[in-house]
Amino acid sequence: MQFLSAFSLIYPVVSLPTSKFILISQNYLSNHSLNDLLIKGMEKGIQGDYLKAIIDFTKVIRLSPYDIEAYYNRGIAYEKINYNISAIADFDKAIRLNSNMVDIYIARANVSYKLGHLREAITDLKTAKILCYQQKNKTCYQETLDMLDNFQTLKNL
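Residues numbered from 1 in each chain as written. Predicted model: local features only at pLDDT ≥ 70, side-chain atom pairs only at ≥ 80, totals over all residues. Heavy atoms only, no water.

Undergrad: Can you help me understand the overall build of the protein chain in this one?
TA: Of the regular secondary structure elements, the protein chain holds seven helices and three strands. Listed N to C, the secondary structure of the protein chain is β-β-β-α-α-α-α-α-α-α in terms of helices and strands. A separation threshold of at least 6 residues defines the contact pool for the protein chain, and within that pool the share at least 24 residues apart is 50%. A total accessible area of about 8,300 Å² is found for the protein chain, and carbon and sulfur atoms account for 52% of it. (Helix = DSSP H or I, 4+ residues; strand = E, 2+ residues; numbered from the N terminus. Contact = heavy atoms within 4.5 Å. Areas by Shrake-Rupley, 256 points an atom, 1.4 Å probe, with all protein chains shown as cover.)

Undergrad: Help me understand the state of the cysteines in this model?
TA: Linking two cysteines covalently through their sulfur atoms gives a disulfide. Applying the stated criterion to the full structure yields one disulfide. The disulfide that involves cysteine 132 links it to cysteine 140, with 1.8 Å between the sulfurs. Overall, cysteine 132 belongs to the buried group, its relative accessible area being 0%. Here cysteine 140 falls in the buried class, since its relative accessible area comes to 15%. (Disulfide = S-S within 2.5 Å. Buried < 20%, exposed > 50% of the residue type's maximum accessible area, 1.4 Å probe, protein only.)

Undergrad: What is the right way to read the confidence of the model for the protein chain from this model?
TA: Low-pLDDT portions of the prediction should not be read for the details of their coordinates. In this model, the protein chain carries a mean pLDDT of 83, and residues with pLDDT of at least 70 account for 81%. Put simply, strand S1 (residues 2–5) is where the protein chain has its lowest mean pLDDT, 26, and helix H4 (residues 84–97) is where it has its highest, 98. Long-range and interchain partners of residues 1–28, a stretch whose pLDDT sits below 50, account for 80 contacts in this model, where long-range means more than four residues apart. (pLDDT = per-residue confidence, 0-100.)

Undergrad: Looking at this structure, I do not really get the packing of aromatic side chains. What am I missing?
TA: Each aromatic ring pair is summarised here by two numbers: the centre-to-centre distance and the angle between the ring planes. According to the stated counting rule, one finds four aromatic pairs in the structure shown. Arranged with centres 6.1 Å apart and planes meeting at 45°, the rings of tyrosine 72 and phenylalanine 91 form a pair that is tilted. Separated by 19 residues along the polypeptide, tyrosine 72 in helix H3 (residues 68–80) and phenylalanine 91 in helix H4 bring together distant segments of the chain. For the residue pair tyrosine 72 and phenylalanine 91, the accessibility class agrees, reading buried in each case. (Phe/Tyr/Trp six-rings, centres within 6.5 Å; stacked < 30°, edge-to-face > 60°.)

Undergrad: In this structure, what is going on with the nonpolar core? I would like to understand it.
TA: In a soluble, globular protein the nonpolar side chains are often hidden away together inside. In this structure, Tyr72, Phe91, Val102, Ile104, Ile106, Leu125 and Phe151 are the most contacted members of the largest nonpolar core, which totals 41 residues. Breaking this core down by element, the ones donating at least two residues are helix H1 (32–46), helix H2 (50–63), H3, H4, helix H5 (102–114), helix H6 (118–134) and helix H7 (138–156). (Core = buried A, V, L, I, M, F, W, Y, C linked by side-chain atoms within 4.5 Å.)

Undergrad: Is there a simple way to think about the environment of leucine 118 in this case?
TA: For leucine 118, the location among the structural elements is in helix H6. With a relative accessible area of 17%, leucine 118 lands in the buried category. Through-space distance from the C-alpha of leucine 118 to that of phenylalanine 151 is 7.3 Å; in sequence the pair is 33 residues apart. Setting aside residues up to four positions removed in sequence, leucine 118 forms contacts with Tyr113, Phe151, Leu154 and Lys155.

Undergrad: Can you help me understand unusual backbone geometry in this one?
TA: Excluding glycine, residues mostly carry a negative phi; peptide bonds, for their part, are mostly trans. For asparagine 82, which is not a glycine, the phi torsion comes out positive at approximately 65°. Relative to the helices and strands, asparagine 82 resides in the loop between H3 and H4. By relative accessible area, which is 54% here, asparagine 82 ends up exposed. Although it is not a glycine, lysine 136 adopts a positive phi angle of roughly 55°. Within the secondary structure, lysine 136 sits in the loop between H6 and H7.

Undergrad: What is the right way to look at the environment of phenylalanine 91 in this model?
TA: Overall, phenylalanine 91 belongs to the buried group, its relative accessible area being 0%. For phenylalanine 91 and isoleucine 104, which are 13 residues apart along the polypeptide, the C-alpha to C-alpha distance reads 6.1 Å. If we skip the residues at most four places from it in the chain, phenylalanine 91 touches Tyr72, Gly75, Ile76, Ile104, Ala107, Arg108 and Val111.

Listed below in structure tokens is the structure:
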């Protein structure tokens, strides 16, 4: 894991059977202290200190309950410590706040897959594929299509 800049994070999504890197762009928050707390949480996650990252993301959420990136990143941290139900709940909330962020659907698909919910994972990947197409992101579209093909193959085994 590595930072691209203070407001961008490349996060490796452990997806079975493939492993891809997903880019989620962090928006500037109007409150700089919340922004700093969000960045500290991401840095802790990058260092592998997921529990402390969760604490920071939770603080951001308490102060700014509509912060999509805080829910997304806390969901990723929950996934890393195998709190998969909590991860799904955070991804669900992030999607309710913004249903156009491809990365959230892919992250939720990966967790659903880990939980053995292949049908839900495939549904999320189909949504991600449509969003990539609508957003004219050819790379995203192809990677999502590849993941979807792999998941559908596993479903048919």
